[in-house]
Amino acid sequence: MNLTPGKLWGLRRMADSNGIFKMTAVDQRPPIKAPIAQYLGQMEAPWEQVARFKDLLIQTLQDQSTAMLLDPHYAIPHSIDILSPKKGLIVTLEDSLFQETSGGRLSRDIDDWSVSKIKRMGGDAVKVLAWYRPDASDNVNQAQQDYVKRIGEECAKYDIPFLFELLVYPLAVDEFQTKEYIEMKGKKADDVLGSVEEFAKPDYGVDVFKLESPVNAVDADGSADIQATFDEMGRLAGRPWVMLSAGAGKPEFRKVLEHAFTAGASGFLAGRAIWLDAFKAYPDWDTIRASLNNGAVNYMADISALADQKALNWAKHSCFGKEGARFTPASACFREDYADLGSA
């Protein structure tokens with residue numbers, strides 16, 4: 001970690017006063033667009049319908065969240081005016097339309113968006129998802145690595161935190177095939193851990209990891225063996241990290257969080273585990289709102305209380321990027337680097 005003033009400020013904006021991230025993802029596009037389009041019998045979901053649901057998510061869930069993750073296609077143009085300035089603002093940069101090749105998936109930015117634009121609009125962090133498999137083709141992995149390095153360099157240039165999300169995905173040879181933004185059935189823990197190990201290298205400039213469970217969520221059973229796998233993921237991350245839900249159900253995601261917080265996670269950045277049950281009532285907007293105000297809000301309160309009890313203050317993570325400071329708290333890294341600012 002290179003904890004410059006802008007990155008420190010952004011991280012503090014995303015967390016509560018105890019350094020815990022309780023963040024809600026409203027940036028999903030295919031998981032919202034596809035059901036709406038299917039219900040309406042259309043090829044493409046109407047923009048207004050997708051944006052309306054995102055608006056409702058912000059209205060009902062921001063009070064329970066320390067930060068909200070918004071997308072430039074729908075949430076920002078429709079609802080940026082209702083986001084409380086007291087909440088952290090994370091903006092997603094990757095396009096939901098990825099390129100599928102014989103060797104694996106390639107990520108790209110949303111057209112006409114950039115790290116500098118997110119910084120200019122007042123974003124507190126840049127979020128990027130990269131599909132990654134250590135066993136994908138060499139040219140695909142190189143392209144994905146180059147993509148992430150570029151984002152990391154730009155985040156350093158504009159002094160804004162880089163929140164990086166990893167998802168393993170099925171290759172052509174795998175039994176379970178899906179293009180959805182959900183965890184891959186039968187995924188291998190080694191693929192998840194190998195991906196974290198690669199992008200924990202300082203070349204990528206990642207400030208916070210947004211990680212999936214290293215095992216399928218239904219297998220997060222509280223056992224010592226599963227905990228050891230989570231512990232290894234936390235060790236490899238070497239910086240603040242949070243859990244994503246990847247479409248897991250409420251009970252399953254809570255069990256994942258139990259493991260993750262024990263392993264040193266500093267909170268969560270989740271979406272569908274929180275609001276998917278409510279969305280199933282589409283197009284009954286009154287029922288959706290009532291379900292969000294009850295089931296979703298109550299679930300947020302539950303996992304937030306769990307985070308308060310067990311998650312690790314992000315500033316207590318070690319700053320592995322500093323030579324000779326492997327066990328120095330991240331907050332001390334900042335003070336050490338900028339102690340002379342007052343006399344400048």
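Data block above holds the structure.
Now for a description of the structure that goes with this document. (Residues numbered from 1 in each chain as written. Predicted model: local features only at pLDDT ≥ 70, side-chain atom pairs only at ≥ 80, totals over all residues. Heavy atoms only, no water.)

**Quick word on the packing of helix α3 (residues 47–61) against helix α10 (residues 272–279)**
Next up, step 1: Close contact between α3 and α10 brings their axes to 12 Å; oriented N to C, the two are set at 120 degrees. When the interaxial angle is binned, α3 and α10 end up oblique. Crossing of α3 against α10: the hand is right-handed. Note on element contacts: α10 touches α3 through Ile274, Trp275 and Phe279, opposite Phe53, Leu57 and Leu61.
Next up, step 2: Looking at the contact of α3 with α10, its residues break down into six nonpolar, no polar and no charged. (Axes fitted to C-alpha atoms, helices over the stretch in contact; angles between N-to-C directions. Helix = DSSP H or I, 4+ residues; strand = E, 2+ residues; numbered from the N terminus. Parallel < 35°, antiparallel > 145°, perpendicular 65-115°, else oblique. Left-handed = near helix turned anticlockwise from the far one by under 90°. Contact = heavy atoms within 4.5 Å. Nonpolar A, V, L, I, M, F, W, Y, C, P; charged D, E, K, R; others polar.)

**Looking at unusual backbone geometry**
Next up, step 1: Residue Pro283 is reached from Tyr282 by a cis peptide bond, and omega for that bond is 10 degrees.
Next up, step 2: By the element assignment, Pro283 lies in the loop between α10 and α11 (285–310).
Next up, step 3: Positive phi outside glycine occurs at Asp112, with the angle close to 65 degrees.
Next up, step 4: What makes Asp112 exposed here is its relative accessible area of 69%. (Buried < 20%, exposed > 50% of the residue type's maximum accessible area, 1.4 Å probe, protein only.)

**Brief notes about α10**
Next up, step 1: Within α10, six of the eight residues are buried, which leaves it mostly tucked inside the rest of the structure.
Next up, step 2: Buried residues belonging to α10 abut β1 (21–25), α2 (30–40), α3, α9 (250–262), β10 (267–270) and α11.

**Points about the packing of aromatic side chains**
Next up, step 1: One pass over the structure, following the stated rule, counts 14 aromatic pairs.
Next up, step 2: Judged by centre distance (4.5 Å) and plane angle (35 degrees), the ring pair of Phe53 and Phe279 falls under tilted. Placement of Phe53 in helix α3 and of Phe279 in helix α10 is noted, with a sequence separation of 226 residues between them. Per residue, the accessibility class of Phe53 equals that of Phe279, and both read buried.
Next up, step 3: Between Tyr282 and Trp285, the ring centres sit 5.6 Å apart and the planes meet at 90 degrees, which makes this aromatic pair edge-to-face.
Next up, step 4: Relative accessible area serves as the criterion here: at 11%, Trp285 is assigned to the buried category.
Next up, step 5: An aromatic cluster of at least three residues, connected via ring pairs, comprises Tyr39, Phe53, Trp275, Phe279, Tyr282 and Trp285.
Next up, step 6: Stacked on the ring of Trp131, the Lys or Arg Arg105 has its end atom at 4.5 Å from the ring centre.
Next up, step 7: The lysine or arginine in question, Lys117, covers the ring of Trp113, its NZ or CZ lying 4.4 Å from the ring centre. (Phe/Tyr/Trp six-rings, centres within 6.5 Å; stacked < 30°, edge-to-face > 60°. Lys NZ or Arg CZ within 6 Å of the ring centre and 35° of its normal.)

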